[in-house]
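# Summary of the model geometry
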Amino acid sequence: MRVFDTAIDPDLLTGLRDLAAGDRAFLDDLYAIYLDQADDIIAILRHALADGDRAHFSAAAHRLASASLNVGALFVAGVCHSIEAAMSDRSARPSASQVEAVEKELDRVVSAVATLAVA
Amino acid sequence: MNNVESADLYRCPSCDTVNLAAANDWCLCTNADQTLVCAQCSSCFCDAGAEWKRDFWQKASPELHTRRREERSGCVKLRLVTQTPQRPVILLIDDDRTVHSIVLRVLEGFEGTLLHAYDGETGLRMAQDFQPELVITDALLPKIDGREIARALKSDPATANGKVVVITAIYKGERYRSEAMREYFADDYIEKPVHADKLRIIIASMIGESATRRAGAGR
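Predicted model, so just to flag it, every value in this text is computed and none were measured.

## Quick notes on the side chain of A:N70
The residue A:N70 is located in helix α3 (residues 54-71) in this model. Accessibility expressed as a relative area gives 1% for A:N70, which makes it buried. Engagement of the side chain of A:N70 in a polar contact is seen with the side chain of B:D96, the distance being 3.2 Å. From its side chain, A:N70 meets the backbone nitrogen of B:V194 in a polar contact 2.9 Å long. In contact with A:N70, other than residues within four places in its own chain, are A:L12, A:L16, B:D96, B:T98, B:V99, B:I102, B:K192, B:P193 and B:V194.

## Section: the pairing of strand β7 (residues 163-168) of chain B
Consecutive residues of a regular strand have side chains that alternate between opposite faces of the sheet. All names here are of chain B. Judged by how many residues are buried, β7 sits mostly within the fold: five of six residues are covered. In the sheet, strand β6 (residues 134-138) pairs with β7 via five bridges, with the strands oriented parallel. Paired with T137 across the bridge in β7 is V166. For the crossover from β6 across helix α6 (residues 146-154) to β7, the handedness is right-handed. Looking at chain direction, β7 and strand β8 (residues 188-191) are connected through four bridges and run parallel. Across the sheet, V166 pairs through a bridge with Y189, a residue of β8.

## Here's the deal with the interface of chain A and chain B
Each partner contributes residues to the interface: chain A has 28 residues there, and chain B has 28 residues. Counting the surface lost from both chain A and chain B, the interface buries some 2200 Å², and carbon and sulfur atoms represent 56% of this. By the criterion of area lost to chain B, the three top residues of chain A are A:L19, A:I33 and A:N70, representing 26% of everything that side buries. Inspection of the region where chain A meets chain B yields three salt bridges. Residue A:D23 is joined to B:R105 by a salt bridge in which the shortest nitrogen-to-oxygen separation is 2.9 Å. For the interface between chain A and chain B, the tally reads nine residue pairs in polar contact (both at pLDDT 80 or more). Among the elements of the structure, α1 (10-20), α2 (24-51), α3 and α4 (74-87) of chain A are those that each provide at least two residues to the side of chain A that touches chain B. By residue class, the composition of the side of chain A that touches chain B is 14 nonpolar, five polar and nine charged.

## Structural notes on the nonpolar core
One finds A:Y31, A:Y34, A:L64, A:V76, A:V102, A:L106 and B:I90 to be the most contacted residues of the largest nonpolar core, which totals 60 residues. With eleven residues, α2(A) is the largest single contributor of residues to this core. A:L64 has contacts with A:Y34, A:A38, A:I41, A:V76, A:C80, A:V102 and A:L106, leaving out every residue within four places of it along the chain. In this structure, B:I93, B:M126, B:F130 and B:V164 belong to the second largest nonpolar core, which totals 21 residues.

## Overview of empty space enclosed by the protein
Over the atoms rolls a probe the size of a water molecule, and in doing so it shows where empty space is left. Scanning all chains against the criterion turns up two cavities of 30 Å³ or more. Around the largest cavity, the lining residues are A:Q37, A:I41, A:H62, A:R63, A:S66, A:A67, B:D95 and B:D96. Counting only elements with at least two residues in the lining of the largest cavity, the list comes to α2 and α3 of chain A. For the lining of the largest cavity, the element with the highest residue contribution is α3(A), accounting for four residues. Approximately 30 Å³ is the volume found for the second largest cavity. Considering the residues around the second largest cavity, the lining is formed by B:I190, B:E191, B:P193, B:V194, B:H195, B:K198 and B:L199.

## Quick word on the sheet that holds strand β4 (residues 89-93) of chain B
To summarise the sheet geometry, strands pair through backbone hydrogen bonds and adopt either a parallel or an antiparallel arrangement. Residues and elements named next belong to chain B. On the basis of which strands lie adjacent, the open sheet formed by five strands has the order β5-β4-β6-β7-β8 and parallel pairing. The open sheet has two edge strands with one neighbour each: β5 (113-117) and β8. Adjacent strand axes in the sheet meet at a mean angle of 20° when their direction is disregarded. In terms of strand pairing, β4 meets β5 through five bridges, oriented parallel.

## Describing α6(B)
All names here are of chain B. Turning to α6, its buried residues are G146, R147, I149, A150, L153 and K154. Along the long axis of α6, the arc covered by the buried residues comes to 155°, so they all point the same way. With a side-chain oxygen positioned 2.8 Å from the backbone nitrogen of R147, the residue opening α6 is D145.

## Regarding the packing of aromatic side chains
The tally for this structure, following the rule as stated, stands at six aromatic pairs over all chains. Residues B:F45 and B:W52 carry aromatic rings whose centres are separated by 4.9 Å and whose planes lie at 55° to one another, so their mutual orientation is tilted. There is no split in this pair, since B:F45 and B:W52 are both buried. An aromatic cluster is built from B:Y10, B:F45, B:W52 and B:F56, whose rings are joined through pairwise contacts. Looking at A:R108, its charged tip hangs above the ring of A:F75, at a distance of 5.2 Å from the centre.

Scoring rules and cut-offs
Residues numbered from 1 in each chain as written. Chains lettered and ligands numbered in written order. Predicted model: local features only at pLDDT ≥ 70, side-chain atom pairs only at ≥ 80, totals over all residues. Heavy atoms only, no water. Helix = DSSP H or I, 4+ residues; strand = E, 2+ residues; numbered from the N terminus. Buried < 20%, exposed > 50% of the residue type's maximum accessible area, 1.4 Å probe, protein only. Polar contact = N/O pair within 3.5 Å; in protein donor to acceptor, adjacent residues only side chain to side chain. Contact = heavy atoms within 4.5 Å. Pairing = 2+ DSSP bridges. Right-handed = clockwise from strand over helix to strand, strands pointing away. Buried area = accessible area lost by both parts, 1.4 Å probe. Salt bridge = Lys/Arg side-chain N within 4 Å of Asp/Glu carboxyl O. Nonpolar A, V, L, I, M, F, W, Y, C, P; charged D, E, K, R; others polar. Core = buried A, V, L, I, M, F, W, Y, C linked by side-chain atoms within 4.5 Å. 1 Å grid on protein atoms, 1.4 Å probe; cavity = no way out; pocket = protein on both sides within 12 Å on 5 of 7 lines; lining within 4 Å. Points joined across faces, edges and corners; volume = space filled by probe spheres on them. Axes fitted to C-alpha atoms, helices over the stretch in contact; angles between N-to-C directions. Arc of directions from axis to C-beta. Phe/Tyr/Trp six-rings, centres within 6.5 Å; stacked < 30°, edge-to-face > 60°. Lys NZ or Arg CZ within 6 Å of the ring centre and 35° of its normal.

Have a look at this one:
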């Protein structure tokens, strides 16, 4: 089992750097796109939370999990997958703590991306 | 520099003219995230730095964000109404723009046309219109499921010869791969995260090595 505690999976980041082939703008743009999407999805999560809308909450979590996998934000993906799993129970209701858990992991990604910018 | 002065007024990074975003068209660039065209110099801001673009979109109004989501899928199609796409054509359908960015990079140097769609309905329509040699589609999509797109294309004689690859983040394992290939007639099935090397191999196997020989050259 691979163990790491960085916000971005180092192996996946290596793969993305290989793909970038020295073009810093590619990585900058990729993470900017990811974080921009994440902002939109957080807004959808909050909207679904306010409406108590389990289906939209789960779908938004899935979207963010999917995007997170592609940029190596595996902890964000993990939190989102756990939300999807929890929302598969018909009696479950979205909670503020779930959104906060996603935001907390996203904050770590933002910090990691800022570090990438000077690496 | 602060590039957004007030509600969607921004300075063009090329000519410094102040533009009203609501009045500008989307550019026709073939990247995953088209931007607005300056009314003065006709330059888009696709090549502006990531920080500039992030600042722009962070400060843009909800109306402009909505317009961006609703209109962007059709940008490439609008251009191609009057142009014949160079073959082979690959259509990528995914609501995750990071996938578009990665696939675009993987296909750098590709001697064909990459079309982008961000929901299933638009993607299916584009596939029917342009009959791509290869459709790469996410499994779970807004409006129409990617696996249903695969089934629809394979059951239509006009599009049945095109290859379809389904990508997914949740349906993992041999069981789902077999199901996608058997029940939805997908030609291949790949799991997220999308790895560039794996994607290159699959694309080459689907549309031929020659079409992708320049893609990824030197990497």
